[in-house]
Amino acid sequence: MEIITKYLEGIPLITSYILDVGGVRLVIDPGPASLHTPLSVDAVICTHIHLDHCGSAGHLKKPTYVHERYVRHVVDPSKLFESSRAVLGLFAEKFGRPLPNEQAVGVSDGARLFDAIDAVHTPGHAPHHVTYFYRDAGVLFVGDGGGVYIPELKAIIPTTPPPFKLDVYLQSLNKVLGLGASAVCFPHYSCTGDVEILRRHIEQVKTWVEVLRDRLDRPVDDALRELSKADENVAKVLAAGGLYLEFYLKFSVLGFVEYLRSQSSSS
């Protein structure tokens, strides 16, 4: 497996994985349009269609596999880009505008790609999120369905921007834990043989809920200070700062808060 990490403003943004499966070269999550580089691949697999993961797929001009209900947003990404700008602001501009991609291919839950890779629909982070399990190698490509794994900080944090669905996120995590993987590869940012990291992430998410539930009207910075007292991973990222903090951590808190507010108003 070939591993390529792409950097934005000196900080890792996305790790792409290139596999040779029966003579077919596949790239999983090629990254944003702004960081496009030519790749010698036959096909593209996107865990989901967010700009930082799938934005450069149209540049590669190869068949691109995405969740079957969202093919139209890859063929014509104009609405996707505008909605991303509404949520992410300047970060959407930094990721760049995707090119139209007429070679998008729909993937259904349970599909087996190239007679080697199982597709598992795992919503929560996004409704179009798919986890891919390379069963023969025991490798789970978890996308953003298992958080951000930052090996140099020995930390994992949620990546849960709005609109985030906590209940289905946890259901999806439990679903992939039952696949029997021996390694997990995160697009942010590395692989690990410590598969139990996903189980610990579930407990982390529950901790975030308990901390944030009664702080829904607090500024994000105040919420982060409280989270750092309960979650050492948050404390590490606060100390590191940069993209880890401004993009992943702050948007993740907003996703939790928005979800918890919606649950509070409906109860």
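Residues numbered from 1 in each chain as written. Predicted model: local features only at pLDDT ≥ 70, side-chain atom pairs only at ≥ 80, totals over all residues. Heavy atoms only, no water.

**A closer look at the overall build of the protein**
If you tally the helices and strands in the protein, you get 10 helices and 14 strands. A globule of 267 residues ought to have a C-alpha radius of gyration of about 18 Å, and the protein, at 17 Å, matches this closely. Along the three orthogonal principal directions, the C-alpha set of the protein runs to about 50 × 40 × 40 Å. Expressed as a percentage of its 267 residues, the buried residues of the protein come to 57%. Looking at the protein alone, contacts between residues at least 24 apart form 59% of all its contacts between residues at least 6 apart. Accessible area of the protein: about 11,000 Å², with a carbon and sulfur share of 51%. Of the side chains in the protein, 26 bear a positive and 31 a negative charge, and the two mean positions are spaced by 2 Å. (Helix = DSSP H or I, 4+ residues; strand = E, 2+ residues; numbered from the N terminus. Rg over C-alpha atoms; globule rule 2.2 N^0.38 Å. Buried < 20%, exposed > 50% of the residue type's maximum accessible area, 1.4 Å probe, protein only. Contact = heavy atoms within 4.5 Å. Areas by Shrake-Rupley, 256 points an atom, 1.4 Å probe, with all protein chains shown as cover. Lys, Arg positive; Asp, Glu negative; His and termini not counted. Charge placed at Lys NZ, Arg CZ, Asp CG, Glu CD.)

**Things to note about the pattern of salt bridges**
As enumerated under the stated definition, the model contains 20 salt bridges in all. Notably, a salt bridge pairs Glu82 with Arg97, separated by 3.8 Å at the nearest N-O pair. Of the two residues, Glu82 is situated in helix α4 (residues 78-88) and Arg97 in the loop between α5 (90-95) and β6 (104-107); the sequence distance between them amounts to 15 residues. On the basis of relative accessibility, which here comes to 39%, the residue Glu82 falls in the partly exposed class. Its salt-bridge partner being Glu246, residue Lys250 comes within 3.3 Å of it at the nearest N-O pair. (Salt bridge = Lys/Arg side-chain N within 4 Å of Asp/Glu carboxyl O.)

**Observations concerning the state of the cysteines**
Overall, the coordinates contain two disulfides when judged by the stated rule. Across the disulfide, Cys46 is cross-linked to Cys54 (sulfur-sulfur distance 2.1 Å). Disulfide Cys46-Cys54: torsion about the S-S bond near 80 degrees, hence right-handed. Residue Cys46 is classed as buried on the basis of its relative accessible area, which comes to 1%. Judged by its relative accessible area of 7%, Cys54 falls in the buried class. There is a disulfide in this structure between Cys185 and Cys191, and the S-S distance comes to 2.1 Å. Torsion about the S-S bond of the Cys185 and Cys191 cystine: about 105 degrees, corresponding to right-handed handedness. (Disulfide = S-S within 2.5 Å.)

**Comments concerning the layout of surface pockets**
Its volume calculated, the largest pocket comes out at about 560 Å³. In terms of lining, the largest pocket is formed by 32 residues, of which the most central are His50, Ala126, His128, Pro162 and Pro163. Of the residues that constitute the lining of the largest pocket, the class distribution is 17 nonpolar, 11 polar and four charged. Its volume calculated, the second largest pocket comes out at about 220 Å³. Forming the walls of the second largest pocket are 13 residues, and the residues nearest its centre are Ile156, Arg200, Gln204, Glu232 and Asn233. Mapped onto the lining of the second largest pocket, the elements with two or more residues apiece are β12 (155-157), α7 (197-212) and α9 (232-240). Among the elements that line the lining of the second largest pocket, the one with the most residues is α7, at five residues. Broken down by class, the residue content of the lining of the second largest pocket amounts to five nonpolar, three polar and five charged. (1 Å grid on protein atoms, 1.4 Å probe; cavity = no way out; pocket = protein on both sides within 12 Å on 5 of 7 lines; lining within 4 Å. Points joined across faces, edges and corners; volume = space filled by probe spheres on them. Nonpolar A, V, L, I, M, F, W, Y, C, P; charged D, E, K, R; others polar.)

**Things to note about the sheet that holds strand β8 (residues 117-121)**
Here six strands make up an open sheet; going across it, the order is β7-β8-β9-β10-β13-β14 and the pairing mixed. Of all the strands in the sheet, just β7 (112-113) and β14 (191-192) have a single pairing partner and so form its edges. Sheet topology places β8 next to strand β9 (residues 130-134); five bridges connect them, and they run antiparallel. Residue pairing across strands places Val120 opposite Thr131, the latter belonging to β9. (Pairing = 2+ DSSP bridges.)

**Focus on the environment of Asp222**
Its place among the elements puts Asp222 in helix α8 (residues 220-230). Here the alpha-carbon distance between Asp222 and Leu99, two residues 123 residues apart in the chain, equals 39 Å.

**Observations regarding the packing of aromatic side chains**
Inspection of every chain in the model, using the stated rule, returns 14 aromatic pairs. Considering the side-chain rings of Phe91 and Phe251, the 6.0 Å spacing of their centres and the 80 degrees angle between planes classify their relative orientation as edge-to-face. Within this pair, whereas Phe91 is found in helix α5, its partner Phe251 is found in helix α10 (residues 242-266), the two being separated by 160 residues in sequence. Each member of the pair, Phe91 together with Phe251, is buried. (Phe/Tyr/Trp six-rings, centres within 6.5 Å; stacked < 30°, edge-to-face > 60°.)

**Things to note about the sheet that holds strand β5 (residues 64-67)**
To summarise the sheet geometry, strands pair through backbone hydrogen bonds and adopt either a parallel or an antiparallel arrangement. The strand order across the open sheet formed by six strands is β1-β2-β3-β4-β5-β6, and the pairing between neighbours is mixed. Two strands close off the open sheet at either side, each with one partner strand: β1 (2-8) and β6. If you compare each strand with its neighbour and ignore which way they point, the axes differ by 30 degrees on average. Pairing of strand β3 (residues 24-28) with strand β4 (residues 43-45) involves three bridges; the strand directions are parallel. Its bridge partner being in β4, Ile28 is matched across the sheet by Ile45. (Axes fitted to C-alpha atoms, helices over the stretch in contact; angles between N-to-C directions.)

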